[in-house]
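# Coordinate inspection notes
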Amino acid sequence: MGRAEDVARKIKIELEQRGLHKEPVGVDVIELPVLFAVAEEGLTVVDGQQIMSNARLIKTQDEISLLNHSAMMVDAAYDELYRAMKPGMSENQAVGLASKVLYDLGSEYVEAINAISGERCNPHPHVFFRSRAAAGRSCLLRHSAFLHGLPDCYYRTFSIGYASPGLVDAYKRCRDYLDASIALIRPGRTTAEVASVWPKATEFGFPDEESCFGLQYGHGIGLAIWEKPVISRLVSLEHSYELKPGMVFALETFWPSKDGWSAARIEEEIVVTETGHEVITRFPAEELLVAGQRYYTVGGPLAHRARA
């Protein structure tokens, strides 16, 4: 309705006043109608996204403090979820509870909470549904709260009531791969080195790295959830970045259970320090947590781990 053309005209006027209208115009994000209108005004648009992405690689101390605080809010959301989860709780209810906690704690925006349970865990989508948690089933949860414009990205896996041997094994494999990658995080190492300790796609049921992109994965966090550096066997082995102090990113791993439908997924956020790294996601994930365990027999509490 003429708005794109009006925006383009205003841009050209601003550039003409500064004698820059014949210079290339770097653009980070643009809508197609505006792009076409700018071209019609005779301006040359070039890719400014990489410049902005590279400028955001190293975080300021204020940004790191805000990211730390944002992660703390999700720590609290997971604590509330762990206390509330039980057989019959729906994915929608889990998302609603987490959203309330995050907004109550000061998040100005809650984005893309994932709640995946039961047979939806392997392979898992990135949406929630009306599915309900069942005893012995895995639940994968991911939260993203924004504090002063900076988000977090933070996965945890729970089992409801008790844990099957297959899920316990999957969780251990998932944790081992994550710990191996975290151990490499320090200045001077590269994203290729980090990605190389993760399993190949064919080792966990996928035909190639593109098919499982995002499962064994690392990504920068800053003004957006996915920023540079990206860490993946798909891209990092050939296009590597050196790790530097001030980088903040998330590392997330996945491993399917032998039962064919449950799975484990864990994610930690890491700050690269001058001498190594700091993990700022602090809700416990060293071992698989069992939620909704309230059963007692004549012999005492019911075991959390099911027999094979």
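Anyway, here's the lowdown on the structure attached to this text. (Residues numbered from 1 in each chain as written. Predicted model: local features only at pLDDT ≥ 70, side-chain atom pairs only at ≥ 80, totals over all residues. Heavy atoms only, no water.)

### Remarks on the pairing of strand β9 (residues 227-231)
- Of all the 5 residues making up β9, 4 are buried; the element is thus mostly covered by neighbouring parts of the structure.
- As paired strands, strand β8 (residues 217-220) and β9 are joined by 2 bridges and run antiparallel to one another. By the bridge assignment for β9, Gly220 is matched with Glu227. (Buried < 20%, exposed > 50% of the residue type's maximum accessible area, 1.4 Å probe, protein only. Helix = DSSP H or I, 4+ residues; strand = E, 2+ residues; numbered from the N terminus. Pairing = 2+ DSSP bridges.)

### Notes on the nonpolar core
- Grouped together as the largest cluster of nonpolar side chains are 37 residues, with contacts concentrated most on Ile185, Val194, Trp198, Phe204, Ile231, Phe249 and Leu251.
- Elements with a minimum of two residues in this core: α6 (165-182), α7 (191-196), β10 (248-256) and β11 (263-272).
- Ranked by the residues each element gives to this core, the list is headed by α6, at 7 residues.
- Judged by nonpolar contacts, the second largest core, of 25 residues, contains Val74, Val110, Cys139 and Ile160. (Core = buried A, V, L, I, M, F, W, Y, C linked by side-chain atoms within 4.5 Å.)

### Some details on the sheet that holds β10
- The antiparallel open sheet is built from 5 strands, whose spatial order is β9-β8-β10-β11-β12. Each edge of the open sheet is held by one strand with a lone partner, namely β9 and β12 (277-279). Across the sheet, the mean angle separating the axes of adjacent strands is 25° when strand polarity is ignored.
- In this structure, β11 lies alongside β12, joined through 3 bridges in antiparallel fashion. (Axes fitted to C-alpha atoms, helices over the stretch in contact; angles between N-to-C directions.)

### Comments concerning a nonpolar patch on the surface
- A cluster of nonpolar side chains, contributed by Phe213, Trp226 and Leu234, occupies part of the molecular surface with about 310 Å² of accessible area.
- If you trace the backbone, Leu234 turns up in the loop between β9 and β10. (Patch = residues over 30% accessible without salt bridge, like charges linked within 9 Å, V, L, I, M, F, W, Y side chains within 5 Å. Areas by Shrake-Rupley, 256 points an atom, 1.4 Å probe, with all protein chains shown as cover. Salt bridge = Lys/Arg side-chain N within 4 Å of Asp/Glu carboxyl O.)

### Quick look at the sheet that holds strand β5 (residues 138-143)
- The strand order β4-β5-β7-β13 describes an open sheet built from 4 strands, whose pairing is mixed. Sheet topology places β4 (114-117) and β13 (289-291) at the edges, where each strand pairs with a single neighbour. Taken over all neighbouring pairs, the strand axes of this sheet differ in orientation by 30° on average, direction set aside.
- Pairing geometry for strand β7 (residues 154-160) and β13, over 3 bridges, is parallel. Residue pairing in the sheet places Ile160 in a bridge with Ala291 of β13.
- Along the sheet, helix α4 (residues 61-84) makes contact with β5, β7 and β13, crossing β7 at roughly 10°. (Contact = heavy atoms within 4.5 Å.)

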